[in-house]
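# Structural characterization, general
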Amino acid sequence: MFLRIGLTGGIGSGKTTVAKIFELLGVPVYYADEEARRIMNENEELRLSIQKEFGEAAYKNGELDRSYMASNVFQNPVKLEMLNALVHPATIRGATNWMREQRTAYAIKEAALIFESTAAEELDYIIGVYAPVSLRIKRAMERNGVSYDEVLKRMNNQIDEDIKMKLCDFIIYNDEQKLLIPQVIELHQKLLRLAEEKPLSQS
Ligand code: ATP
């Protein structure tokens with residue numbers, strides 16, 4: 001029956017790139033980080049809690065002020081954890097509701113943080129996208145136009161990549177050694193088979 005799949009990986013691992021390939025195969029994808037940004041802007045209750053915790057200035061013209069958050073929250077692990085504790089329940093609920101609406105054999109939730117919250121409990125299998133740290137730093141620096149130190153700081157807010165990969169059920173290697181598309185197609189076929197084998201009572 002229907003499977004709920006998580007897709008995760010560290011900064012610059014290529015999880016969004018992998019998610020787009022799954023989308024090309026007709027698999028619906030919920031982009032949790034994008035959704036979190038939307039929810040932080042649109043959910044009034046959440047906005048008030050964020051302002052209470054981090055100050056009125058956390059919002060500018062009704063939208064989360066990302067440069068304020070970058071200098072006052074994102075780089076402080078304790079504050080970042082507090083922010084995640086406020087935002088994660090809303091995005092997890094959003095993903096759960098979205099999953100219920102899907103009519104395909106399986107659907108994917110793409111998120112940087114899955115094991116760091118309770119999100120994994122809501123998923124049947126989790127795919128990890130792996131790339132070596134040096135490559136991830138290079139990709140993130142090029143894409144975001146940020147410094148080496150900046151990327152490293154952000155990486156330090158996520159759990160160790162090797163531990164994360166051990167917790168995953170499947171791994172896609174995006175290390176520029178193995179081709180990406182054949183790996184995604186092979187996994188897609190495996191997930192279709194697993195969805196078929198999953199007993200009705202579990203879905
Ligand atoms: P983040 O969590 O930082 O958003 P991510 O894991 O979603 O990152 P992507 O956005 O998919 O990663 O990829 C990061 C950057 O690296 C992008 O600019 C992407 O185009 C590039 N990239 C990813 N995989 C490859 C690849 N196999 N070959 C070349 N460039 C790649």
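First, a word on what this report is: a plain description of the structure on this page. (Residues numbered from 1 in each chain as written. Predicted model: local features only at pLDDT ≥ 70, side-chain atom pairs only at ≥ 80, totals over all residues. Heavy atoms only, no water.)

### Section: the overall build of the protein chain
Looking only at helices and strands, the protein chain features 9 helices and 7 strands. Its C-alpha atoms give the protein chain a radius of gyration of 18 Å, within 12% of the compact-globule value 17 Å for 203 residues. By its C-alpha atoms, the protein chain is 50 × 40 × 25 Å across when sized along the principal axes. Counting across all 203 residues of the protein chain, residues that qualify as buried make up 45%. (Helix = DSSP H or I, 4+ residues; strand = E, 2+ residues; numbered from the N terminus. Rg over C-alpha atoms; globule rule 2.2 N^0.38 Å. Buried < 20%, exposed > 50% of the residue type's maximum accessible area, 1.4 Å probe, protein only.)

### A short note on unusual backbone geometry
Located in the positive-phi region is asparagine 61, a residue other than glycine, with phi close to 50°. Among the structural elements, asparagine 61 can be located in the loop between strand S3 (59-60) and strand S4 (63-64). Positioned with a positive phi, glutamate 176 is a non-glycine residue whose angle comes to about 65°. Residue placement: glutamate 176 occurs in the loop between strand S7 (170-173) and helix H9 (180-197). For glutamate 176, a relative accessible area of 56% corresponds to the exposed category.

### Some words on the packing of aromatic side chains
Counting across every chain of the model gives 4 aromatic pairs. Ring centres 5.5 Å apart and planes at 50° place the aromatic pair tyrosine 30 and tryptophan 98 in the tilted group. Separated by 68 residues along the polypeptide, tyrosine 30 in strand S2 (residues 29-31) and tryptophan 98 in helix H5 (residues 77-101) bring together distant segments of the chain. Exposure remark for tyrosine 30: the relative accessible area of 5% places this residue in the buried category. (Phe/Tyr/Trp six-rings, centres within 6.5 Å; stacked < 30°, edge-to-face > 60°.)

### So, the pattern of salt bridges
Overall, the coordinates contain 7 salt bridges when judged by the stated rule. A salt bridge links arginine 38 to glutamate 35; its shortest N-O distance comes to 2.7 Å. One end of the pair, arginine 38, and the other, glutamate 35, are both in helix H2 (residues 32-42), 3 residues apart, so they sit about a helical turn from each other. On the accessibility criterion, arginine 38 (37% relative accessible area) is partly exposed. Ionic pairing is found between arginine 38 and glutamate 42, a salt bridge with its closest N-O pair at 2.7 Å. One end of the pair is arginine 38 and the other is glutamate 42, both in helix H2 and 4 residues apart, which spans about a single turn. Exposure remark for glutamate 42: the relative accessible area of 56% places this residue in the exposed category. Residues participating in the shared-partner salt-bridge network are Glu35, Arg38 and Glu42. (Salt bridge = Lys/Arg side-chain N within 4 Å of Asp/Glu carboxyl O.)

### Things to note about the environment of glycine 94
By the secondary structure assignment, glycine 94 is in helix H5. The sequence separation of glycine 94 and alanine 32 amounts to 62 residues, and the corresponding C-alpha distance is 8.7 Å.

### Looking at the site of the ligand
The environment of the ligand is made up of Gly10, Ile11, Gly12, Ser13, Gly14, Lys15, Thr16, Thr17, Arg139, Arg143, Asn174 and Glu176. Between glycine 12 and the ligand, the recorded distance is 3.2 Å, taken from a backbone N or O atom to an oxygen atom. Glycine 14 is positioned such that a nitrogen or oxygen atom in its backbone is 3.0 Å from an oxygen atom of the ligand. Burial of the ligand by the protein chains amounts to 67% of its free accessible area of 630 Å². (Near = heavy atom within 4 Å. Polar contact = N/O pair within 3.5 Å; in protein donor to acceptor, adjacent residues only side chain to side chain. Areas by Shrake-Rupley, 256 points an atom, 1.4 Å probe, with all protein chains shown as cover.)

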